[in-house]
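Observations on chain architecture
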Amino acid sequence: MKPRLPLYKEVDVYKSLSPLAFATALITLAGCQSKPAPEVDEQARQTFISDMQRALIHSMATADTGEQIGAVLLEVTLDGQSAPTHCKAVRAPVKYRMALPADVMPTDITALTRLVEAQCWKTIYPVVPATVREENGTVDVRAPLYIVLPGAAQAPDTLRRKAYAQRDFFWQHLLRDQPVTSIGKASLYYQANAKGKVEGCLVQLYPHPLRTDAFRLDGNLQALLNSRCMALDLSKLPGFAVDAQGQATGYTEMDYAPWRFNRP
């Protein structure tokens, strides 16, 4: 049995979003290793770290939530298909909490860790390079996350918050209970009358940029989603509004993956 190989390197990310979410990713391979350190493909590892950071940043920054501010340490285990099998968030160590902007006040840590864990299960992750996997094909990732989602930006009446609420509405009514077998994105265009009755709907499926390898065009799923969309009552859609002609139109996108089955 070889000793644990600490094949990780901390990388700071300063890709600003509005609101703000920063992430660093630490890849830790616990247990026995079949590959010595020199065999690790450094370029593949760095690409995976970068893509992992991008996935987590986007997921946290687009959460449908109220004000959330703080630093947490997220532990994620991905299997051989890059599906999450473990998500656990805890308060980050002091050195990370001290890196938060000085002019913000951290919010309740329990609510923040609950949000981060929920988003962890929703995230589409990049392919795990074979050279950084455990013998069983998994990889453990520790990701300190800096979350700054201020109250003004997260107010329910903001355009961004309405967009995320609408995305989640369509997820709940169209995709949540579908046991999909591939990974991808679904885009949806809709048109409804003033009472919320859908008069037109177009659902399209296409690859997720981080997992183009796992996409399969499913005509049956696409037809089912179109049919379900036409049967919706959009008067209950968050931010539902009609134009001068009494029509409501809109667009949304949703990620889907097998591990998101029956998850909020």
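Look up a bit, the structure's there.
Residues numbered from 1 in each chain as written. Predicted model: local features only at pLDDT ≥ 70, side-chain atom pairs only at ≥ 80, totals over all residues. Heavy atoms only, no water.

Thoughts on the sheet that holds strand E8 (residues 248-256)
Threshold: Any two strands with at least two DSSP bridges between them are considered paired. Segments assigned H or I by DSSP are reported as helices when at least four residues long, segments assigned E as strands when at least two residues long, and all are numbered from the N terminus. Comment: axis = line fitted to C-alpha atoms, over the contacting stretch for helices; angle = value between 0 and 180 degrees taken between N-to-C directions.
Taken together, 3 strands build an open sheet; the order of strands is E7-E6-E8 and the sheet is antiparallel. Whereas interior strands pair on both sides, the edge strands pair on one side only; in this sheet they are strand E7 (198-206) and E8. Across the sheet, the mean angle from the axis of one strand to that of its neighbour is 15°, orientation sign disregarded.

Describing the packing of helix H4 (residues 159-175) against helix H5 (residues 219-230)
Keep this limit in mind: Angles below 35 degrees are treated as roughly parallel, those above 145 as roughly antiparallel, those between 65 and 115 as roughly perpendicular, and all remaining angles as oblique. Helix crossings get a hand from a simple test, with the near helix turned counterclockwise from the far one by less than a right angle marking a left-handed crossing and a clockwise turn marking a right-handed one. Whether two residues touch is decided by their heavy atoms; if any such pair falls within 4.5 Å, the residues are in contact.
With their axes 9 Å apart at the nearest point, H4 and H5 run at an angle of 115° to one another. Here H4 lies roughly perpendicular to H5, going by the angle between them. Here the hand of the crossing between H4 and H5 comes out right-handed. Mapping the contact onto sequence places His-173, Leu-174 and Leu-175 in H4 and Leu-221, Leu-225, Arg-228 and Cys-229 in H5.

Things to note about the packing of aromatic side chains
Under the convention used in this document: Working definition: rings of Phe, Tyr and Trp (its six-membered ring) pair if their centres are within 6.5 Å, and the pair is stacked with planes under 30 degrees apart, edge-to-face with planes over 60 apart, and tilted otherwise. Placement of a charge over a ring requires the Lys NZ or Arg CZ to be within 6 Å of the ring centre, with the centre-to-atom vector within 35 degrees of the ring normal.
Under the counting rule described, the total for this entry stands at 4 aromatic pairs. The positively charged end of Arg-260 is found above the aromatic ring belonging to Trp-171, 3.8 Å away from the centroid.

Concerning the state of the cysteines
Joining two cysteines, a disulfide is a covalent bond between their sulfur atoms. Counted only if it meets this: The term disulfide is used for any two cysteine sulfur atoms that are within 2.5 Å. Each residue is placed in one exposure class: buried if its accessible area under a 1.4 Å probe, protein chains only, is under 20% of its type's maximum, exposed if it is over 50%, and partly exposed if it falls in between.
Using the criterion set out here, one finds 2 disulfides in the structure. Paired through a disulfide, Cys-87 and Cys-120 show a sulfur-sulfur distance of 2.0 Å. For the disulfide bridge between Cys-87 and Cys-120, the dihedral angle about the S-S bond is near -70°, and by the sign convention the bridge is left-handed. Here Cys-120 lies in helix H3 (residues 109-122) and Cys-87 lies in strand E4 (residues 84-91), a separation of 33 residues in the sequence. The burial state of Cys-87 is the same as that of Cys-120; both residues are buried. Between the sulfur of Cys-201 and that of Cys-229 lies a disulfide, 1.9 Å long from S to S. An S-S torsion of about 95° defines the bridge between Cys-201 and Cys-229 as right-handed. Of this pair, Cys-201 sits in strand E7 while Cys-229 sits in helix H5, placing them 28 residues apart in sequence.

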